[in-house]
Amino acid sequence: MKASILSADEMRRALTRIAHEILERNKGAENLALIGIHTRGIPIAARLAAKLQELEGVDVPLGRLDITLYRDDLSEIAKQPIIRETEVPFDLDRRRVVLVDDVLYTGRTVRAALDALIDLGRPEGIQLAVLVDRGHRELPIRADYVGKNLPTAKSEVVKVKLQETDGTDGVELWDLEEVQAAQQ
Amino acid sequence: MNALSSKPKHLLDFQDWSAERLNALLDNADTMMQVLDRPVKKVPALQGLTVCTVFFENSTRTRVSFELAARRMSADVVSFAAGASSVNKGESIRDTIEVLTAYKVDAFVVRHQAAGAAHLVARYSGKPVINAGDGRRAHPTQALLDAYTIRREFGTLEGKTVAIIGDVRHSRVARSNAELLPKLGAKVILCGPATLLPRELAAEGVTLTTDPREAVRNADAVMALRLQQERMDAGYVGSLQDYARVYQVNEDLLAFAPNEAVVLHPGPMNRDVEISSETADGPRSRILAQVENGQAVRMSTLYHLLVGRA
C-alpha cells in the first residue's frame, strides 16, 4: 500500500457530510431515493439512508443496480459473466434519485448506470454521490456529492474497504503493479 | 484456476460445459427474467453484434424465441430459412455458412434435421454456434429451459427426479436432458414402450423403465414427449389409442406421482395423445412457463457465448 487515504472515522465523517449536502440541496428527503451500484455502492447507499433517517427521521427508499448488461467494455467481463441482482422495489417516476458508488474514475460505470436507470422508469432527476473521485474521466460526467477528491495516476489503484464487504472501513492507495502481483 | 475460466465457444451439447458454468448460465437467466418484466424489455449488452438464425428444418417457436432473445439483448438478427434459399439449388451447408460468415455475422443459431450439422457449422464459420436442434441428437437450450423451469419451481435441481415419458428414441430433447440434468445433480427416468426406449441411454443418473407408474412415483417433474406420429407407420407402437392408454400423461397417471410434481412438455403438443388436455391446462402444468423461461435462458446463452467476443 502506498498511502492510507481515509480512516474509518474520516469515512464516517465524509458520509455524514454527504448526507447533509443531499438534504440541503433537495430541501429535505421528500421524493428522494438512493440507488447503490454493485458492489460497494450498495452498502454506501445503505449507510447514507441510515444517516438520512437519523437526521431527518425519514425512511428513504433504497435500491440496488447491477450495470453489467449496460457496460461498453464487454471484454473485461468475458471470464466471469456473472450478473448480479438489480432491485429497485419502488416507482422511479417523479423521484429524485441519488445514484451512489464508491469510486468515480472514467465515468463509464456511471454512464451505464444512467442508461439502466432510465430503462427502469423516468425519475425527475438523477444526482451522483461517490465516496472518492479519483479523476481521469473519459466521459463528461461529474459527481454532485464527493467524499474525497483524490488526484491519482492511472498506474494507481484506489481500494475502498467497507465493513459490509471487507470486514473493515477505510480507503487506500495502491500501485497497480503491486495489486496485479498479489492477484497472481 | 477458477471453474468459470475455461469458456466454451459453442453450445452444441454439454460436453465442454462444466456444472459451474451451466449454473452460472441459469443464474443469469434470473436476471434476464427481470429484464423481461420491465417496461423496457431490452438491454444493450450485445449492441453491434449480429446473430444469424439458420433453420434448415422448420420450427417457428424456437426460431422466434431465439430471435426475440437476441433482440432483447440489442443484437441485430438476420434469419436464414433454408426452404427459400440456394440450399434448394444444391448449395452445401459449408458454402451457405461461409457466405453468411462473409457477411460479418457474429454468431449462428442452427437447426438441422441431421445429427452433427451444428458441429459442421461450428467448423466452417469460426463463430460461436448454438445448436437449436440437430436430428435426434441434441437440443441443448430446450434442456436448459427445462432445467431452469424445474429450478425455479423447487429452488434447486440437486436431488430432484425428472420422469421423461414418450418417444425417447427419436427425441433430442430427452437426450439433451439426460446429458444435462445429472450434471446438475438431478436424476432422470426415461420411460416409453420398449421399441422407443434405447437401452444405450442408461447411464449414471439416468434409468430406464417401460412402466409409467414406476417412472412418476418419486418424480418432481413429469415431462411428456411428443409422439412423432410419423413413427406410427414404422411399427414402433400398435395404435394411437393403445399408446395413449398406457403412456399418456394425464390425471390418472399423475395420481401415482407426488402431489407437488409439475408437468412439462417441450411442445408442440398432440393434445390427448401423449398428454391430456386436462393436464396440459391444469394447475400442475408449467408448459407456458417453459416458453417464457426459454426466452430468458436463450438470452443468457447468447450473453455467455458472445460477451467479450466482439
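Since the structure is predicted, the reported quantities are computational estimates derived from the model, not experimental observations.

Engineer: Honestly, the environment of R111 of chain A in this entry has me stumped. Any pointers?
Structural biologist: All names here are of chain A. Following the sequence through the fold, R111 ends up in helix α3 (residues 108–120). Distance from R111 to Y70, taken between C-alpha atoms, is 8.7 Å for residues 41 residues apart in sequence. Among all residues touching R111, those that are not within four sequence positions of it are Y70, R71, D72, L139 and I141.

Engineer: Help me out: how do you make sense of the sheet that holds strand β4 (residues 96–104) of chain A in this one?
Structural biologist: The pairing of strands in a sheet comes from backbone hydrogen bonds and takes either a parallel or an antiparallel form. Residues and elements named next belong to chain A. The strand order β3-β2-β4-β5-β6 describes an open sheet built from 5 strands, whose pairing is parallel. The open sheet has two free edges, formed respectively by β3 (62–65) and β6 (145–149), since each of these has just one partner strand. Direction aside, the axes of adjacent strands within the sheet are offset by 25° on average. One ladder, built from 8 bridges, connects β4 with strand β5 (residues 125–133); its direction is parallel. Counterpart to L99 in the pairing with β5 is L128. Sheet strands touched by helix α2 (residues 41–56): β2 (32–37), β3, β4 and β5. Its angle to β2, the strand with the most contacts, is close to 155°. Of the strands in this sheet, β2, β3, β4 and β5 are in contact with α3, which crosses β4 at around 155°.

Engineer: When you look at the UniProt feature "short sequence motif: PRPP-binding" (unreviewed entry) in chain A in this model, what are you seeing that I'm missing?
Structural biologist: If you check UniProt for "short sequence motif: PRPP-binding" (unreviewed entry), the listed places come out as residues 97–109 of chain A in our numbering. Overall, residues 97–109 of chain A shows 15% helix and 62% strand. The separation of its end C-alpha atoms is 16 Å.

Engineer: What should I look at first to understand the packing of helix α5 (residues 140–154) of chain B against helix α6 (residues 172–183) of chain B in this one?
Structural biologist: Residue and element names in this part refer to chain B. Running from N to C, α5 and α6 cross one another at 60°; their axes reach a closest spacing of 8 Å. Here α5 is positioned oblique relative to α6, judged by the angle of their axes. Of the two possible hands of crossing, α5 and α6 adopt the one that is right-handed. Contacts between α5 and α6 pair P140, Q142, A143, L144, D146 and A147 from the former with V173, S176, N177, L180 and L181 from the latter. Per-class residue counts for the contact of α5 with α6 are 7 nonpolar, 3 polar and 1 charged.

Engineer: Looking at this structure, I do not really get the nonpolar core. What am I missing?
Structural biologist: Counting 86 residues, the largest nonpolar core has L69 of chain A together with M73, L144 and L190 of chain B as the members making the most contacts within it. In terms of residues, this core owes the most to one element, helix α1 (residues 19–36) of chain B, which gives 8 residues. Residues lining this core come from more than one domain, with at least three contributed by each of domain 1 (10–139 + 291–307) and domain 2 (140–287) of chain B. When sequence neighbours within four positions are dropped, the list of residues in contact with L190 of chain B reads I164, V168, A174, L197, L201, V206, T207, L208 and T209 of chain B. In terms of nonpolar packing, the next biggest core, distinct from the first, is built from 31 residues, M11, L23, V100 and V103 of chain A among them.

The rules we used
- Residues numbered from 1 in each chain as written.
- Chains lettered and ligands numbered in written order.
- Predicted model: local features only at pLDDT ≥ 70, side-chain atom pairs only at ≥ 80, totals over all residues.
- Heavy atoms only, no water.
- Helix = DSSP H or I, 4+ residues; strand = E, 2+ residues; numbered from the N terminus.
- Contact = heavy atoms within 4.5 Å.
- Pairing = 2+ DSSP bridges.
- Axes fitted to C-alpha atoms, helices over the stretch in contact; angles between N-to-C directions.
- UniProt positions renumbered as here; feature names shortened; annotations may be inferred.
- Parallel < 35°, antiparallel > 145°, perpendicular 65-115°, else oblique.
- Left-handed = near helix turned anticlockwise from the far one by under 90°.
- Nonpolar A, V, L, I, M, F, W, Y, C, P; charged D, E, K, R; others polar.
- Core = buried A, V, L, I, M, F, W, Y, C linked by side-chain atoms within 4.5 Å.
- Buried < 20%, exposed > 50% of the residue type's maximum accessible area, 1.4 Å probe, protein only.
- Domains from an automatic or database assignment.

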